[in-house]
Amino acid sequence: MARLEIIKIGHPTLAKKSVRIEKIDDEIRRLARDMVETMHAAPGIGLSAPQVNVSRRLITVDLSVGENKDEIIVLVNPDILSREGKVVREEGCLSVPEIYEKVARPQKVVVKGQDLEGRDRVLEAQDMLARVFCHEIDHLDGKLFVDILSPLKRKLIRQKFKKKDEADES
Ligand code: K1U
Ligand code: ZN
């Protein structure tokens, strides 16, 4: 297993729509294992392949942050089938470090995808789990949580990271 680098806001891969996975092979299974290790080490409760600079539709989720193996969810080509309700709550993103903002998300979602053996999975998720699924699936569509904030907040956050990148380069 390997820990992968998590890319940050401003990197072009985070703004791209990721490509569907047509064949679940050993390369995809290894990527999933490495993403789980990377998510736990961060630490985080979710991770998407584009955050490790791989433009493929793969996500990992673990609300237990490594405490309970049974809670690890890996989904290939996840899609949201339905959304219900609305909850506003603070959320963060490993690609936008140290920024936490209130975001409205559905209270309940039904998500479909495949597991690493290619079996179809349909999952019902509520509250935090529903939030993390929405956040990770947004990543697959090239969308960060800052993109659903007000235009002013979005601009200020993007400017802050642009300045940081410029300072790191000099
Ligand atoms: O995709 C990511 O950037 C990971 C992100 C997932 C997420 C968090 C909160 C709401 C929606 C989606 C994170 O995991 S940020 C870190 C975090 O929230 C956390 C870390 C350790 C323990 C508990 C939470
Ligand atoms: Zn994120």
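Coordinates for the structure precede this section.
Below is a short write-up of the structure. (Residues numbered from 1 in each chain as written. Chains lettered and ligands numbered in written order. Predicted model: local features only at pLDDT ≥ 70, side-chain atom pairs only at ≥ 80, totals over all residues. Heavy atoms only, no water.)

1. Describing the site of ligand 1
In the neighbourhood of ligand 1, 16 residues make up the surrounding shell, with I45, G46, Q51, L94 and E136 lying closest. I45 is positioned with one of its backbone polar atoms (N or O) 2.8 Å from an oxygen atom of ligand 1. One of the side-chain N or O atoms of E136 is found 2.7 Å from an oxygen atom in ligand 1. The protein chains hide 81% of the 530 Å² of surface that ligand 1 would expose on its own. It is helix α2 (residues 127-140) that contributes the most residues to the shell around ligand 1, six residues altogether. Looking at the shell around ligand 1 residue by residue, the classes come out as seven nonpolar, six polar and three charged. (Near = heavy atom within 4 Å. Polar contact = N/O pair within 3.5 Å; in protein donor to acceptor, adjacent residues only side chain to side chain. Areas by Shrake-Rupley, 256 points an atom, 1.4 Å probe, with all protein chains shown as cover. Helix = DSSP H or I, 4+ residues; strand = E, 2+ residues; numbered from the N terminus. Nonpolar A, V, L, I, M, F, W, Y, C, P; charged D, E, K, R; others polar.)

2. Re the coordination of the zinc ion (ligand 2)
For a metal bound by four donors in a tetrahedral arrangement, the ideal donor-metal-donor angle is 109.5 degrees, while six donors in an octahedral arrangement ideally sit at 90 or 180 degrees. Coordination of the zinc ion (ligand 2) by the protein comes from C93 (SG), H135 (NE2) and H139 (NE2), over a distance range of 2.1 to 2.3 Å. Considered as a linear motif, the donors of the zinc ion (ligand 2) on their single chain read C-x41-H-x3-H. Residue C93 is found in the loop between β4 (87-91) and β5 (101-105), and its partner H135 is found in helix α2; the two are separated by 42 residues along the sequence. By relative accessible area, which is 10% here, C93 ends up buried. (Donors = N, O, S within 2.8 Å, 3.2 Å for Na, K, Ca; no water. Buried < 20%, exposed > 50% of the residue type's maximum accessible area, 1.4 Å probe, protein only.)

3. Here's the deal with the sheet that holds strand β2 (residues 58-61)
The sheet built from five strands is open, its strands ordered β1-β2-β3-β6-β7 with antiparallel pairing. Two strands close off the open sheet at either side, each with one partner strand: β1 (46-48) and β7 (120-126). In this sheet, adjacent strand axes meet at a mean angle of 40 degrees when their direction is disregarded. With respect to the sheet, α2 is in contact with β1, β2, β3 (73-84), β6 (108-114) and β7, its orientation differing from that of β2 by roughly 155 degrees. (Pairing = 2+ DSSP bridges. Axes fitted to C-alpha atoms, helices over the stretch in contact; angles between N-to-C directions. Contact = heavy atoms within 4.5 Å.)

4. Topic: the pairing of β7
Where β6 meets β7, seven bridges bridge the pair, whose relative direction is antiparallel. Pairing of Q114 across the sheet is with D120, part of β7. The antiparallel hairpin formed by β6 and β7 contains five residues in its connecting segment, where G118 sits at a positive phi of about 85 degrees.

5. Focus: the environment of D141
In this structure, D141 sits in the loop between α2 and α3 (151-169). Judged by relative accessible area, D141 falls into the partly exposed class, the value being 34%. With 123 residues separating them along the chain, D141 and S18 place their C-alpha atoms 6.2 Å apart. Every residue in contact with D141, bar those within four places of it in the chain, is listed here: K16, K17 and R57.

6. A look at the pattern of salt bridges
Scanning the entire structure with this criterion turns up 15 salt bridges. In this structure, the salt-bridge partner of D141 is K17, at a minimum N-O distance of 3.1 Å. With D141 in the loop between α2 and α3 and K17 in the segment before α1 (26-41), the pair connects residues that are 124 residues apart, well separated along the chain. For K17, a relative accessible area of 59% corresponds to the exposed category. One salt bridge connects R105 with D138, and the closest N-O pair in it is separated by 2.9 Å. One end of the pair, R105, is in strand β5; the other, D138, is in helix α2, and 33 residues separate them in sequence. This pair shows no difference in class: R105 is buried, exactly as D138 is. One salt-bridge network, held together by shared partners, links E91, R105, R131 and D138. (Salt bridge = Lys/Arg side-chain N within 4 Å of Asp/Glu carboxyl O.)

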